Amino acid sequence: QVQLVESGGGLVQAGGSLRLSCAASERTFSTYYIGWFRQAPGKERELIAAFSRSVSRPYYTESVKGRFTISRDNTKNTMYLQMNNLKPEDTAVYYCAATYYYSDFVNRGYADYWGQGTQVTVSS
């Protein structure tokens, strides 16, 4: 059973930074593709960052490129999302997720496992 637990959300002013963490159960990173989604009020959940087969070149959605950085520590079974220069439009519930098939992430917004989500609120 895969478990994903996010932490690190909160309230921050525009231009500020937050770092989200996702603690995963063992072997998750070696078995699944992992990434971060977010869902803003009234909007569909969207993939914002993920590790593809090339860990050195992660995927980022256009709106967060240059501001967000995905990383992971395999020794701690933890994935991170460093978010800099936050904007009010980044306000959303952020989820970490894991999937067998990378195409499910990118093409369908689907994951086999989801965390419970953590709220990020950016004030203007």
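Details of the structure are given in the entry above.
Please read these numbers as outputs of a predicted model, since none were measured by experiment.

S.K.: Which parts of the structure should I look at to understand the packing of aromatic side chains?
M.R.: Aromatic rings in a pair are described by how distant their centres are and how their planes are angled relative to each other. All told, the structure shown has 7 aromatic pairs when counted by the stated rule. Ring geometry for Y95 against W114: centres 6.3 Å apart, planes inclined by 85°, an arrangement best described as edge-to-face. In this pair, Y95 sits in strand β9 (residues 92-99) while W114 sits in strand β10 (residues 113-114), placing the two residues 19 residues apart along the sequence. The exposure class assigned to Y95 is buried, which follows from its relative accessible area of 15%. Exposure remark for W114: the relative accessible area of 28% places this residue in the partly exposed category.

S.K.: When you look at the pattern of salt bridges in this model, what are you seeing that I'm missing?
M.R.: Two side chains bearing opposite charge may form a pair once their charged atoms approach each other closely. Applying the stated criterion to the full structure yields 5 salt bridges. Linking R38 and D90 is a salt bridge whose minimum nitrogen-to-oxygen distance equals 2.9 Å. Of this pair, R38 sits in strand β4 (residues 33-39) while D90 sits in the loop between β8 (78-83) and β9, and the two are 52 residues apart along the sequence. Here R108 makes a salt bridge to D104, at a shortest N to O gap of 3.0 Å.

Cut-offs and rules
Residues numbered from 1 in each chain as written. Predicted model: local features only at pLDDT ≥ 70, side-chain atom pairs only at ≥ 80, totals over all residues. Heavy atoms only, no water. Phe/Tyr/Trp six-rings, centres within 6.5 Å; stacked < 30°, edge-to-face > 60°. Helix = DSSP H or I, 4+ residues; strand = E, 2+ residues; numbered from the N terminus. Buried < 20%, exposed > 50% of the residue type's maximum accessible area, 1.4 Å probe, protein only. Salt bridge = Lys/Arg side-chain N within 4 Å of Asp/Glu carboxyl O.

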